Amino acid sequence: MQPIWKKINLAIAIINLIIGFGISYFLVQLSIQLSNYSIELAAKNEISEIHSTYFYLFLHHQSQLLTSILLIISPIFILKEKRLGWIFSYSCWVILTLNITKTIFFRIIEVTKSNIYPDYWLQIYGGIGFLLSWSVLVLLSTKPIRILNKVNRKSWYLSLGLFLILYLMKQFL
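Definitions and limits used
- Residues numbered from 1 in each chain as written.
- Predicted model: local features only at pLDDT ≥ 70, side-chain atom pairs only at ≥ 80, totals over all residues.
- Heavy atoms only, no water.
- 1 Å grid on protein atoms, 1.4 Å probe; cavity = no way out; pocket = protein on both sides within 12 Å on 5 of 7 lines; lining within 4 Å.
- Points joined across faces, edges and corners; volume = space filled by probe spheres on them.
- Helix = DSSP H or I, 4+ residues; strand = E, 2+ residues; numbered from the N terminus.
- Nonpolar A, V, L, I, M, F, W, Y, C, P; charged D, E, K, R; others polar.
- Patch = residues over 30% accessible without salt bridge, like charges linked within 9 Å, V, L, I, M, F, W, Y side chains within 5 Å.
- Areas by Shrake-Rupley, 256 points an atom, 1.4 Å probe, with all protein chains shown as cover.
- Salt bridge = Lys/Arg side-chain N within 4 Å of Asp/Glu carboxyl O.
- Axes fitted to C-alpha atoms, helices over the stretch in contact; angles between N-to-C directions.
- Contact = heavy atoms within 4.5 Å.
- Buried < 20%, exposed > 50% of the residue type's maximum accessible area, 1.4 Å probe, protein only.
- Phe/Tyr/Trp six-rings, centres within 6.5 Å; stacked < 30°, edge-to-face > 60°.
- Parallel < 35°, antiparallel > 145°, perpendicular 65-115°, else oblique.
- Left-handed = near helix turned anticlockwise from the far one by under 90°.
- Expected span 1.5 Å × (residues − 1).
- Arc of directions from axis to C-beta.
- Polar contact = N/O pair within 3.5 Å; in protein donor to acceptor, adjacent residues only side chain to side chain.

Engineer: Could you give an account of the layout of surface pockets, naming the residues involved and the relevant values?
Structural biologist: Put simply, the largest pocket is a space of about 1,100 Å³. Around the largest pocket, the lining comprises 30 residues; the ones closest to its centre are Phe 26, Leu 96, Asn 99, Ile 100 and Thr 103. When residues of the lining of the largest pocket are traced back to their parent elements, those giving at least two are α1 (3–43), α3 (62–79), α4 (83–114) and α5 (120–141). Here the element with the most residues in the lining of the largest pocket is α4; it accounts for 11 residues. Split into classes, the residues belonging to the lining of the largest pocket amount to 16 nonpolar, 11 polar and 3 charged.

Structural data, given as structure tokens:
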């Protein structure tokens, strides 16, 4: 195995860690904003007071929370060159890629149907996220990375199963 693939494997682990912590950070921020918004509405007597905590709102996004936890855990296994890290990483990146692709696609449709001027920063960040997610998926699918992480047919099935669980969680919860 060439040393470049070990460095690429390390880079994937670092990217997983950064994205995992990033998703967790944005979930916490979203939970705080939702809580503050419900408190403001209750103060204006527009709705009855809602007794929800930050923790409840944080747990309300279970699929995103599980994805971020798996992305934070996967670098440990990837650095140890274990199959489980590849499975966690691959299934999470498939979910992230589908989410980004869906968001970009519906954003294009929204702009063309409603004649609303697009927010270019969102398009730029969406494009960068799209390229990053596809790049990581392609790197995880390359033969040297699969050999390094000892991926076999069972690993593909487990990754598909985890992807389906995360995807169905996102759709139905």
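Engineer: Explain a nonpolar patch on the surface to me, and be specific about the residues and the numbers.
Structural biologist: Together, Leu 98, Leu 160, Leu 164, Tyr 167, Leu 168 and Phe 172 make up a nonpolar patch on the protein surface, roughly 590 Å² of accessible area in all. It is helix α7 (residues 153–172) that provides the largest number of residues to the nonpolar patch, a total of 5 residues. If you trace the backbone, Leu 164 turns up in helix α7.

Engineer: Any chance you could break down the packing of α3 against α7 for me, citing the residues and the numbers?
Structural biologist: Running from amino to carboxyl end, α3 crosses α7 at an angle of 150 degrees, the nearest separation of the two axes being 8 Å. Counting all contacts with α3, which are made through Gln 62, Ser 63, Leu 66, Thr 67 and Leu 70, the residues of α7 involved are Leu 162, Leu 166, Met 169 and Lys 170. Of the residues in the contact of α3 with α7, the class split is 5 nonpolar, 3 polar and 1 charged.

Engineer: Outline unusual backbone geometry, supporting the account with residue identities and numerical values.
Structural biologist: The phi torsion at Glu 81 lies on the positive side, around 60 degrees, for a residue other than glycine. Summarising the element assignment, Glu 81 is placed in the loop between α3 and α4. Although it is not a glycine, Lys 150 sits at a positive phi angle of roughly 60 degrees. In this structure, Lys 150 sits in the loop between α6 (143–148) and α7. Relative accessible area serves as the criterion here: at 48%, Lys 150 is assigned to the partly exposed category.

Engineer: Can you break down the packing of aromatic side chains residue by residue, with the values?
Structural biologist: One pass over the full model with this rule turns up 7 aromatic pairs. Between Tyr 90 and Trp 156 the ring centres are 5.2 Å apart and the planes differ by 75 degrees, which places this aromatic pair in the edge-to-face class. Remark: Trp 156 occurs in helix α7 and Tyr 90 occurs in helix α4; sequence separation between them is 66 residues. By way of ring pairs, the aromatic residues Trp 86, Tyr 90 and Trp 156 are connected into one cluster.

Engineer: Could you give me a rundown of the packing of α1 against α3, with the residues and numbers involved?
Structural biologist: Close contact between α1 and α3 brings their axes to 8 Å; oriented N to C, the two are set at 155 degrees. By the angle between their axes, α1 is roughly antiparallel relative to α3. Crossing of α1 over α3 shows left-handed handedness. Together, Asn 9, Leu 10, Ile 12, Ala 13, Asn 16, Leu 17, Ile 19, Gly 20, Phe 21, Ile 23, Ser 24 and Leu 27 of α1 and Gln 64, Leu 65, Ser 68, Leu 71, Ile 72, Ser 74, Pro 75, Ile 78 and Leu 79 of α3 make up the contact between the two elements.

Engineer: For α7, give the residues involved together with the corresponding values.
Structural biologist: Taking 1.5 Å per residue as the helical rise, α7 with its 20 residues ought to reach 28 Å, and the 29 Å between its terminal C-alpha atoms agrees with that figure. Residues of α7 that are buried include every one of Ser 155, Ser 159, Leu 162, Phe 163, Leu 166 and Met 169, and no others. Axial view of α7: buried residues confined to an arc of 130 degrees, hence all on one face. Within α7, the exposed residues directed more than 90 degrees away from the buried face are Arg 153, Lys 154, Tyr 157 and Phe 172. The distance from a side-chain oxygen at the start of α7 to the backbone nitrogen of Lys 154 is 3.2 Å, and the residue carrying that oxygen is Asn 152.

Engineer: For the pattern of salt bridges, give the residues involved together with the corresponding values.
Structural biologist: Tallied over the full model, the rule gives 1 salt bridge. Here Glu 81 ties to Lys 6 by a salt bridge, and the two come within 3.8 Å at their closest N and O atoms. Pair noted here: Glu 81 is in the loop between α3 and α4 and Lys 6 is in helix α1, with a separation of 75 residues, a long-range link. Lys 6 gets classed as partly exposed once you look at its relative accessible area, which sits at 44%.

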